[in-house]
Amino acid sequence: MTGPAVAGDTRGLVFDIERYSTHDGPGTRTTVFLKGCYLRCAWCHNPESEDARRQLMFDAGRCIGCVACMDACTHDALYLTDDAGDRLSAAALADRRAQPQPLTGRVYDALACQRCGACVEACYPGALEMVGQRQTVEQVWQQIAPDRPFYQRSGGGVTLSGGEPLLQQRFSRELLQRCRAEGVHTALDTTAFGRWEPLASVLPFTDLVLLDLKAMDADVHRRWTGVDNGSILANARRLATLLRDQRAVNETEAYGLWVRMPLIPGINATAEQVQAAAHFIRTELEGAVRVVELLGYHTLGGDKRQRLGLPQALPGTAPMAPEALRRQGEAMGQLLQGCGITVRWR
Amino acid sequence: MTQTITPPQSQVPEFPNLTFDDRIAALRATKMAQTKEKQQVIGAMDYDDWPMILPPTERRRLVQSISGSGMPINDVLLTGVDMLSNHEDGCFYGPELCGANFRRLLQAHPPYVDAMSSLAGAYMTNFGSYRTSGWRPEFVVPQDLVQLRQRYQLVGAIGAGQHFCQDLGIGLRLGFGGLLAKINDYRQHNTTPEQQAFYDGLCHVIAGMQAWISAGADGAREMARIETHPQLQQNLTEVAQINERLVTEAPMTFREACQWILWYQAAARMYNGSGSLGRLDELLTPFYQREHDDGTLTDDEAIYHIACLLVRDTAYIQLGGPDAQGHDITNAVSYLVLEAAHRLKVPSNVAICVGEQTDPGLLERGVDILLQDRLGHPKFLGIEPTTEGFMRNGFAAEVARTRAYSGCHWSAIPGREYTLNDCVKISFGNVFDVALRDMMTSGQPSMARLWGHFDEHMDIAVAATARSIDFHMRHMKDVFPELVLDLLCYGPVEKGVDASDGYAGAVEDYNMCVDGCALATIADSFAAVEEHVENRHRLTWAQLLALLDNDWGGTEGERFRLLMKRTPRYGSGGSRADHWAQRISELFTRTVKAGPTPAGFNMIPGIFSWANTIPLGKALGATPNGRHAGDPISHGANPDPGFRKDGAPTAMAVAIAAVQPGYGNTAPMQMELDPSSGGDTRRQVADLIRTHFELGGTQINLNILDRAKLLEAHADPSKYPDLVVRVTGFSAYFASLSPEFRQLVVDRVLCER
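Cut-offs applied
In every chain, residue numbers begin from 1 and rise along the written sequence. Think of it this way: whatever chain is written first is A, whatever ligand is written first is 1, and the rest follow in order. Residues qualify for local features only when their pLDDT is at least 70, as the model is predicted, and side-chain atom pairs are given and counted only at 80 or more; totals for whole chains, interfaces and linings, by contrast, use all residues. With hydrogens and water set aside, each side-chain value is computed from the structure's full complement of heavy atoms. Secondary structure elements follow DSSP: runs of H or I no shorter than four residues count as helices, runs of E no shorter than two count as strands, and numbering proceeds from the N terminus. The quantity called the radius of gyration is restricted to C-alpha atoms. Its globule counterpart is 2.2 Å times the number of residues to the power 0.38. Note on classification: 1.4 Å probe, protein chains only; a residue is buried when its accessible area is under 20% of the maximum for its type, exposed when over 50%, partly exposed between these limits. DSSP calls a pair of strands paired once it identifies at least 2 bridges connecting them. All axes here are fitted lines through C-alpha atoms, helices being fitted over the stretch that makes contact, and every angle between N-to-C directions spans 0 to 180 degrees. Here a residue-residue contact requires only that any non-hydrogen atoms of the pair lie within 4.5 Å. Summed over both partners, the accessible area (1.4 Å probe) lost when two parts come together is defined as the buried area. By definition, a salt bridge exists where a carboxyl oxygen of Asp or Glu is found within 4 Å of a side-chain nitrogen of Lys or Arg. Here a polar contact means two N or O atoms within 3.5 Å. Within protein one must be a hydrogen donor candidate and the other an acceptor candidate, and residues neighboring in sequence count only if both atoms are side-chain atoms. Following the grouping adopted for this structure description, the nonpolar residues are Ala, Val, Leu, Ile, Met, Phe, Trp, Tyr, Cys and Pro, the charged ones are Asp, Glu, Lys and Arg, and the polar ones are all others, Gly among them. Scored from 0 to 100, pLDDT records how confident the predictor is in each individual residue. Expected span, for any helix, means 1.5 Å times one less than how many residues it has. Put simply, angles under 35 degrees are roughly parallel, angles over 145 are roughly antiparallel, angles from 65 to 115 are roughly perpendicular, and the rest are oblique. As used here, the term nonpolar core means buried Ala, Val, Leu, Ile, Met, Phe, Trp, Tyr and Cys residues forming a set that is joined through side-chain atoms within 4.5 Å.

**Examining the overall build of chain A**
Scanning chain A for helices and strands turns up 12 helices and 13 strands. Relative to the compact-globule value of 20 Å for 346 residues, chain A shows a C-alpha radius of gyration of 22 Å, a close match. By principal-axis analysis of the C-alpha atoms, chain A measures approximately 75 × 50 × 35 Å. Counting over 346 residues, chain A shows a buried share of 53%.

So, in structure tokens, the structure goes:
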């Protein structure tokens, strides 16, 4: 059953489409990143995914200080201040226009900003970017379609990621449905947070679920992601039961459930947390899970937070050392031995 | 006896039993030392890692010259060779004297024998560098053609050499004695003075070769006499015996076949830079099979002999692929050649055929070696798209399948096809520049009119190129004929005419290469103008022209340059620039295929810029894609670095597959992959290669490069003297390249994902 035909005009807020994605499921894939998330994971490497609205991102390294963006803004959301914090006069701004210089005292008033994109349009070097584009299912499909021969050759397909794709339930369902109708393998990367129904609604069109297990300890989870993990674990159990019942898991790894666990030094990269996760997977999810991936923390999100004007959430936390990651991976492998689960880490 | 050149033997191990791997390691160490010395003496070498070694210190003279591919180079002459002249300009022209002078060079050339190698021979200079003029002055290029070539900065054709493929099978069957007999036989029937002069030239080449080989045999004999290491002494004795035979006889054994090819190839390289070996696996198979079946040749020994050949030349080699009937010829020797390049670990240009009918194991092994060695080899050929494309020129499948990979981005039918491959370039950049200025001088500027002018000037540029090809073929035989390649072609010896003489139909087919360049530069330029001038009116046409003339100077210029530069580019997928790239390729293809040259020679379009990215860039003003005047043009059919944020190889593969001209000549994909991308890299790379070819792609050059290591090597090349990169169709030591060329490679890698 592939369900009713998709009109293709449902819109979603997409913040990136990554081709030749080799980390989000089997084979060569295209990953569609949707904006908006329930969680606020401190280590998130896509912090621009969290807010469910369009966001202005500013790359100071590219800015040439021409103030064209400020001239273009009709909502008073972008302006300059002097050393004392006072707004620059029109005359001073005119000087800047004539003699561009590195931008200091730039103020972005996110409340005043209407996300109209006029500043982005005006920006000569592309230092401003409006993160999140409203796109129809059809528009996204047009960007997915060219790589179809690569999916077929490699056993790859399309992965919906985020953010949390289930926040845009209808769009996600219709996009997955469209891919399925075109014979493209589908994967959903989800936190599984919240109600069961949104997840259930996309499952008929999803070949593989990549479930992110952030931390087994409820307190740790609440502290570092902002939400309780109760619904996540409940949905994971229910999903596993469903997959087992439907016999939707097979030997190729490409169907069923993968569990992905980020390992963050000082937060959840401990033997206890890994053991707890292994115990949960073994006792509650066995028979549904084909692959467990441990994802070592890296600092790529830090630069993006800076461009979004957000404070650093994990200042000073070093990337996960490869050796430590390997140890945890091998430990997880030991704990899941005999379950028919492949353990990988990177 | 001439002094024999032999490398320092400090690396000879003390222990008595040298394995083949020990000897291959010693060959590699010697090559590294020789390369380092060349870097010190010659300086930057922005070309294929030619196997040339330096003449003895007392016989060197540094000169500025033009390479066999038409690029200015620094070169070293072997002194003590007096070249005769037959022209008041002091140069030598025509078959008789080119042959006689080459013979003088070969006779004066010291033989080279390395006790670690099973094969003798190496060359020390380029014969072309003794020529003081590239063209015979009385053959005057018509003035209007000179102006057109200047106006569009047309590259090549007139005076270009080699860039087609001989059939080594002829030589392996006949040997030099047999070739001489064949010439003497045909010269009885072809008796015009021109034909006799041509035969004289060929005979001089053979006499020179025989003297050179004989000197090699003598040198090996002498070295054997004083060698104390039993294995090496035995080896040197065998080298002497083999070469004494090969002076006249055809090779009988696998080792002799390798030795014969080495001599011929060294002479061809020295004469005018030819690097075409073609289907080495097919050529060596009869020798291998016989000895393998007899139990007289192990695979390890065969690999060693091939390595001894490959260390002396980075020749272009095709492995696998169809025979005339369409059956894949991949066999044990295909794997042995691949293995030899792998064990040797020096620059090489071994290419693997990939297709539905081709042994998939060869691709898998090739990818393994690519990932493991990280030396940019092997490269990969889309055998089905190129074969089917070539058939669109009117050739039967049986003919098309015999085309063999034999140069940077090109193939030719061994011994039967003259092509000027990779020697004829039309830069879309200059066509665009002329079109834009032409349009601005009359009427209201618009995209539609710009395209109309571009179309019109493409037509003129292609027509001028066609005339240049005709002009070249009318006269080249009397300038600098193809005496070495002629020996192993079907027709030149039989008819008494040089292969370049298309008017006389010296060889069976004339399929003249015409390559387009600067595709991404100009596709992105069209898109940027459309977006910011025509659609959004951010600047006027007059402003655009003024900014280009001023090379984006001043604050405002830089602003607009950045603005134009951020227009979605060719390769991003579904962009206007992608659309323009396809449209440009279609226009170029249609124009080239509109008809043959005025004299009736077929032309085949391809898209490839080779090392011309830098000189063609220097000859081009600022372009609307935000490129500064003089900066390099884009690389072949590749999108410019930074074409997508994710740098997706699939996006690049789809884009390049969509701009293929489709007549058998290639528009290669140059790709740099990060080895740390994780996952099943071997499968990902193999899938990428196969799928690109399924989509119509024709050739893939792949580098697996560690970004950090490359940056370190760029800052201090001496830190990684053994780092090999595939620069474009060719591969070279990174440390041998000029800073400009190194920068090109670095830019590509920095912008990958």
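**Describing the sheet that holds strand E8 (residues 157–161) of chain A**
Residues and elements named next belong to chain A. If you trace the 9 strands from one edge of the open sheet to the other, you get E7-E1-E2-E8-E9-E10-E11-E12-E13, paired in mixed fashion. For this open sheet the edge positions go to strand E7 (133–136) and strand E13 (342–345), each flanked by a neighbour on one side alone. On average, adjacent strands in this sheet sit at an angle of 30° to one another, irrespective of strand direction. Inspection of the sheet shows strand E1 (residues 11–21) paired to E7 by 4 bridges, in the antiparallel sense. When the bridges of E7 are listed, Leu 13 appears paired with Arg 134. The sheet strands contacting helix H12 (residues 322–335) are strand E11 (256–263), strand E12 (289–296) and E13, and the helix crosses E13 at an angle near 170°.

**A closer look at the interface of chain A and chain B**
Counting from both sides, the interface comprises 28 residues of chain A and, opposite them, 32 residues of chain B. Both faces considered, chain A and chain B share a buried interface measuring about 2,600 Å² in area, 52% of it formed by carbon and sulfur atoms. When residues of chain A are sorted by the area they lose upon contact with chain B, Tyr 20, Tyr 124 and Arg 153 of chain A head the list and together hold 34% of the total. If you look at where chain A meets chain B, you find 4 salt bridges. Between Glu 694 of chain B and Arg 153 of chain A there is a salt bridge, with its nearest N and O atoms 2.2 Å apart. At the junction of chain A and chain B, the tally comes to 16 residue pairs in polar contact (both at pLDDT 80 or more). Within the residue set of the side of chain A that touches chain B, elements represented by two or more residues are E1, helix H3 (118–122) and helix H5 (148–154) of chain A. At 6 residues, E1 of chain A tops the list of elements feeding residues into the side of chain A that touches chain B. Per-class residue counts for the side of chain A that touches chain B are 13 nonpolar, 7 polar and 8 charged.

**A short note on the confidence of the model for chain B**
Here chain B averages 94 in pLDDT, while 98% of its residues score no lower than 70. For this predicted complex, the interface score ipTM comes out at 0.93, alongside a pTM of 0.95.

**Considering the pattern of salt bridges**
Counted according to the given criterion, the structure contains 65 salt bridges over all chains. In this structure, the salt-bridge partner of Glu 356 of chain B is Arg 153 of chain A, at a minimum N-O distance of 3.7 Å. One end of the pair, Glu 356 of chain B, is in the loop between strand E6 (349–354) and helix H11 (360–373); the other, Arg 153 of chain A, is in helix H5, on a second chain. Residues joined by salt bridges that share partners form a network here, namely Asp 24, Asp 189, Asp 212, Lys 214, Glu 253, Arg 260, Glu 293, Arg 344 and Arg 346 of chain A.

**Considering helix H6 (residues 169–181) of chain A**
All names here are of chain A. Taking 1.5 Å as the rise per residue, H6 with 13 residues should run 18 Å; its terminal C-alpha atoms sit 18 Å apart, in good agreement. Among the residues of H6, those classed as buried are Phe 171, Ser 172, Glu 174, Leu 175, Leu 176, Gln 177, Arg 178 and Cys 179. Just downstream of H6 lies Gly 183, where phi reads positive at about 80°.

**Structural notes on the sheet that holds strand E14 (residues 669–673) of chain B**
Residue and element names in this part refer to chain B. The strand order across the open sheet formed by 6 strands is E4-E5-E6-E7-E15-E14, and the pairing between neighbours is mixed. Both edges of this open sheet fall to strand E4 (276–278) and E14, since each of them pairs with a single strand only. Strand-to-strand, the axes of this sheet are offset by a mean angle of 25°, without reference to chain direction. Sheet topology places strand E5 (residues 316–319) next to E6; 4 bridges connect them, and they run parallel. Pairing of Gln 318 across the sheet is with Ala 351, part of E6.

**Some thoughts on the packing of helix H1 (residues 20–42) of chain B against helix H9 (residues 299–310) of chain B**
Residue and element names in this part refer to chain B. Their axes nearest at 10 Å, the elements H1 and H9 cross at an angle of 10°. Considering their axes alone, H1 and H9 lie roughly parallel with respect to each other. Residues Phe 20, Arg 23, Ile 24 and Leu 27 of H1 form the contact with H9, whose own contacting residues are Asp 300, Glu 301, Tyr 304, Ala 307 and Cys 308. Tallied by class, residues from the contact of H1 with H9 come to 6 nonpolar, no polar and 3 charged.

**Let's talk about the environment of Phe 395 of chain B**
Residues and elements named next belong to chain B. With respect to the element layout, Phe 395 can be found in the loop between helix H12 (383–391) and helix H13 (397–400). Separated by 241 residues in the primary sequence, Phe 395 and Leu 154 place their C-alpha atoms 29 Å from one another. For Phe 395, the residues in contact, after removing those within four places along its chain, are Phe 390, Asp 509 and Asn 511.

**Considerations on the nonpolar core**
With 227 residues, the main nonpolar core has Phe 102, Phe 380, Phe 454, Phe 526, Tyr 570 and Ile 689 of chain B as its most contacted residues. At 14 residues, helix H15 (residues 447–479) of chain B tops the list of elements feeding residues into this core. Counting 57 residues, the second largest nonpolar core, distinct from the first, contains Val 32, Val 184, Val 209 and Cys 339 of chain A.

**With respect to the packing of helix H19 (residues 541–549) of chain B against helix H20 (residues 554–565) of chain B**
All names here are of chain B. Closest axis-to-axis distance for the H19/H20 pair is 10 Å, and the angle between their directions is 105°. Taken together, the axes of H19 and H20 are roughly perpendicular relative to one another. Between H19 and H20, the contacting residues are Gln 543, Leu 544 and Leu 547 on the first element and Glu 556, Gly 557, Phe 560 and Met 564 on the second. Of the residues in the contact of H19 with H20, the class split is 4 nonpolar, 2 polar and 1 charged.

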